[in-house]
Amino acid sequence: MASEINMPGPVCLIENSDQELVANQEALDILYFIKQPVVVVAIVGSYRTGKSYLMNKLAGKQKGFSLGSTEPSHTKGIWMWCVPHPQKPGHTLVLLDTEGLGDVAKEDNENDCWIFALAVLLSSTLIYNSLEAINQEAMDQLHYVTELADRIKSKSTPEQCGIDDSANFVSFFPNFVWTLRDFSLELEDNGKPVSPDEYLENSLALKKETDKTPKNLNDSRLCIRKFFPKRKCFVFVRPAQKKYLSKLETIPEEDLSEEFVKQVREFTSYIFSSANVKILSGGIIVNGTLLQSLVATYVNAIRSGELPCVENAVLALAQKENSAAVQKAIEYYEDQVNHKIQLPMETLQELLDLLRPIENKAIEIFMKNSFKDVDQKFQRQLNDLLEARRDAVVKKNMDVSSAHCSDLLQDVFGPLEEEMKQGTFSKPGGYYLFLQRKQALEKNYNQAPGKGLQAEKMLKMYFESKKSVTETLLKMDQSLTEKEKKIEEERIKAEAAEAANRELKEMQKKHQLMMEEKKKSYREHMKQLTEKMLQEQEQFIAEQQNLLFPKVKEQEQLLKEGFLKESKKYQEEIEDIKRRMSSPCTIL
């Protein structure tokens, strides 16, 4: 299946059947094969408010996600539609349409809270769709946002400083877009025109609480302001007469309200241009494969009665991706060795010099594709595998050289062996005749190219295998005196000792070269690891600064509005971020 996906229509990603959430394997398989970065746009809101219509428009289609304007909510669970991003080549737009929240026909709305939480966790842009104006009733209907702190964990263990876990939500929560349907009010404040964004911000201003006001009057406002610092609002007039709303997908644009059509285009244009790629803490760009893993991890946590934990999900992702990164690095190494290394090499140094840049690139590939490698577990695994592969190539080089030399020795010395069998040298003066022939053939052997580093050893082993024949010829040569034979025997022993000494030195040299190569490999690992850790530290500081700015802004705004208690909480969170920035020892 190609990395770029163009699904003909949506499929169910997370089923809500019998009040139980189940990840659909067909949808997970589709996500798994998407290797492009994903822009994930999810829509939530009350049932029968036209969520699916907007999502169809984002998919560039008239039909697709089911519209249920006259029936009980059509969209059960979360449905997914993956299409090529219309403005970002090499990216996939993942659209998530959720079942309507607050359906009175449901026996239990528990899963509404989970579906809302999953939409938040999975998306990079969250659209909240509601009818008409933003008033207290609309805020009360958005109570799901106040329950996120009870549904999601950012870290597996609480902060020691006592800061609430939800203070970290903003680091991985999506951008927030509020769409208001069938909006008929004049956008103005005290007689002055305001933009939809200004209208949203005015609506999120905290209300002064009294003994007579509801206890949770400002809860939704506080959570939206806290969790979603980047906010946008769009208003839509009624698209057509009420009798046509049930079949909106069949009505041509020219028969819809001109203003509505314009508003929809402005909305889709904003989503296409401004909705970000899904990114996890540490700057990890999410592709379909990673999104698939997130879906499975979060749904499994909910099904097992646990809270979805972002830190645990990222670490689970890291286990899979780091293991895959090791495999990718090793596959690169083996592929390059197979295509670029022609065995046998004449010297070990020459072979190691060719292997080193391949190994360095393999380490680079691992570093690029790995993240949150706790205690460098997977990097150590890669180091061991690369070392084993290096040793294997060195051994193969020796084996190929040995095999080649063995064949060459048979070709070169075969005629000499045949002469020996025929008794050519079994006569007076035969020994020196044999030596002359042997030395001439030895010269031919040494001059033959492409023997590799086992050339001398294989020659030595060959001569040793013929030692008894040589000794017999020497003893039987009647033209030699006993003294001459003794001198020749000593010469042969000296040659053998010299050859053994050269072999020992060669072994020591090989051992030294291999040890030096290990050190070079270790230094390269440390060099690239240090660079990666510095990059991660810079990324961490940047993320904390991005957290800091909206919190400072919100703290100042709350202080300005006179909400001192809420402002103080933000001040504590700000101090905690500054503390983390001064000692960024851990990255989520």
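Computed from a predicted model, the values in this text were never measured in an experiment. (Residues numbered from 1 in each chain as written. Predicted model: local features only at pLDDT ≥ 70, side-chain atom pairs only at ≥ 80, totals over all residues. Heavy atoms only, no water.)

(A) Representation of the pattern of salt bridges within the structure. Here the structure, examined in full by the defined rule, presents 28 salt bridges. Between Arg231 and Glu201 there is a salt bridge, with its nearest N and O atoms 2.7 Å apart. A residue pair is termed long-range when its members are at least 10 positions apart, and Arg231 in strand 10 (residues 231–235) and Glu201 in helix 5 (residues 196–203) qualify at 30 residues. Across the pair Glu359 and Arg390 runs a salt bridge whose closest N-O atoms are separated by 3.2 Å. Of this pair, Glu359 sits in helix 10 (residues 348–369) while Arg390 sits in helix 11 (residues 377–421), and the two are 31 residues apart along the sequence. For Glu359, a relative accessible area of 4% translates into the label buried. Looking at Arg390, the relative accessible area reads 2%, which means it is buried. When salt bridges with common partners are traced through the structure, they connect Arg225, Glu554 and Glu561 into a single cluster. (Salt bridge = Lys/Arg side-chain N within 4 Å of Asp/Glu carboxyl O. Helix = DSSP H or I, 4+ residues; strand = E, 2+ residues; numbered from the N terminus. Buried < 20%, exposed > 50% of the residue type's maximum accessible area, 1.4 Å probe, protein only.)

(B) Representation of the nonpolar core. By size, the foremost hydrophobic cluster in this structure holds 105 residues, and its most contacted members are Met80, Phe116, Leu148 and Trp178. Tallying contributions element by element places helix 3 (residues 110–122) first for this core, with 10 residues. Ignoring anything within four residues of it in the chain, the contact list for Phe116 reads Val44, Leu101, Leu126, Leu142, Tyr144, Val145 and Leu148. If you look at the next biggest cluster of nonpolar residues, it comprises 26 residues, including Ile341, Leu348, Phe378 and Leu386. (Core = buried A, V, L, I, M, F, W, Y, C linked by side-chain atoms within 4.5 Å. Contact = heavy atoms within 4.5 Å.)

(C) Representation of the packing of helix 12 (residues 430–447) against helix 15 (residues 482–561) within the structure. One can describe the packing of helix 12 onto helix 15 by two numbers: an axis separation of 13 Å at closest approach and a directional angle of 25°. Judged by the inter-axis angle, helix 12 sits roughly parallel to helix 15. As helix 12 runs across helix 15, the sense of the crossing is left-handed. Two secondary-structure elements touch here, helix 12 through Tyr431, Tyr432 and Leu435 and helix 15 through Glu488, Arg491 and Ile492. (Axes fitted to C-alpha atoms, helices over the stretch in contact; angles between N-to-C directions. Parallel < 35°, antiparallel > 145°, perpendicular 65-115°, else oblique. Left-handed = near helix turned anticlockwise from the far one by under 90°.)

(D) Molecular detail of the layout of surface pockets. By volume, the second largest pocket is sized at about 750 Å³. Along the wall of the second largest pocket there are 24 residues; nearest its centre are Lys438, Phe463, Ile492, Glu495 and Ala496. Elements with a minimum of two residues in the lining of the second largest pocket: helix 12, helix 13 (455–465), helix 14 (467–476) and helix 15. Here the lining of the second largest pocket gets nine residues from one element, more than from any other, and that element is helix 15. Looking at the lining of the second largest pocket, its residues break down into eight nonpolar, two polar and 14 charged. (1 Å grid on protein atoms, 1.4 Å probe; cavity = no way out; pocket = protein on both sides within 12 Å on 5 of 7 lines; lining within 4 Å. Points joined across faces, edges and corners; volume = space filled by probe spheres on them. Nonpolar A, V, L, I, M, F, W, Y, C, P; charged D, E, K, R; others polar.)

(E) View of empty space enclosed by the protein. Scanning all chains against the criterion turns up two cavities of 30 Å³ or more. Of the volumes computed, that of the largest cavity is approximately 60 Å³. Forming the walls of the largest cavity are Leu416, Glu417, Met420, Phe434, Lys438, Tyr462, Phe463, Lys466 and Thr470. Among the secondary structure elements, those contributing two or more residues to the lining of the largest cavity are helix 11, helix 12 and helix 13. Among the elements that take part in the lining of the largest cavity, helix 11 stands out by supplying three residues, more than any other. Of the residues contributing to the lining of the largest cavity, the split by class is five nonpolar, one polar and three charged.

(F) Highlighting the packing of aromatic side chains. This model, assessed by the stated rule, comprises 22 aromatic pairs. Through pairs of rings, three or more aromatic residues link up here, namely Tyr128, Phe169, Phe172, Phe173, Phe176, Trp178, Phe227 and Phe228. Between the NZ or CZ atom of Lys208 and the centre of the ring of Phe563, over which it lies, the distance is 4.5 Å. Positioned above the aromatic ring of Phe463 is the side chain of Lys438, whose terminal nitrogen or guanidinium carbon lies 4.1 Å from the ring centre. (Phe/Tyr/Trp six-rings, centres within 6.5 Å; stacked < 30°, edge-to-face > 60°. Lys NZ or Arg CZ within 6 Å of the ring centre and 35° of its normal.)

(G) Molecular detail of the sheet that holds strand 2 (residues 20–23). Reading across the sheet, the eight strands line up as 2-1-4-5-3-6-7-10 and stay open at both edges, with mixed pairing between neighbours. Two strands in the sheet have a free side with no partner beyond their single neighbour: strand 2 and strand 10. Averaged over all adjacent pairs, the angle separating strand axes in this sheet is 20°, with direction ignored. When strand 1 (residues 11–17) meets strand 4 (residues 78–84), the two strands line up antiparallel, connected through three bridges. Pairing of Ile14 across the sheet is with Ile78, part of strand 4. (Pairing = 2+ DSSP bridges.)

(H) Seen up close, unusual backbone geometry. Cis peptide bonds are those with omega within 30 degrees of zero, and the linkage from Leu343 to Pro344 qualifies with 5°. Positionally, Pro344 belongs in the loop between helix 9 (310–340) and helix 10. In this structure, Glu132 takes a positive phi of about 60° despite not being glycine. Its location among the elements puts Glu132 in the loop between strand 6 (125–131) and helix 4 (136–141). With a relative accessible area of 48%, Glu132 lands in the partly exposed category. At Gln376, a residue that is not glycine, the phi angle is positive and equals roughly 55°. If you trace the backbone, Gln376 turns up in the loop between helix 10 and helix 11. Given the relative accessible area of 27%, Gln376 is considered partly exposed.

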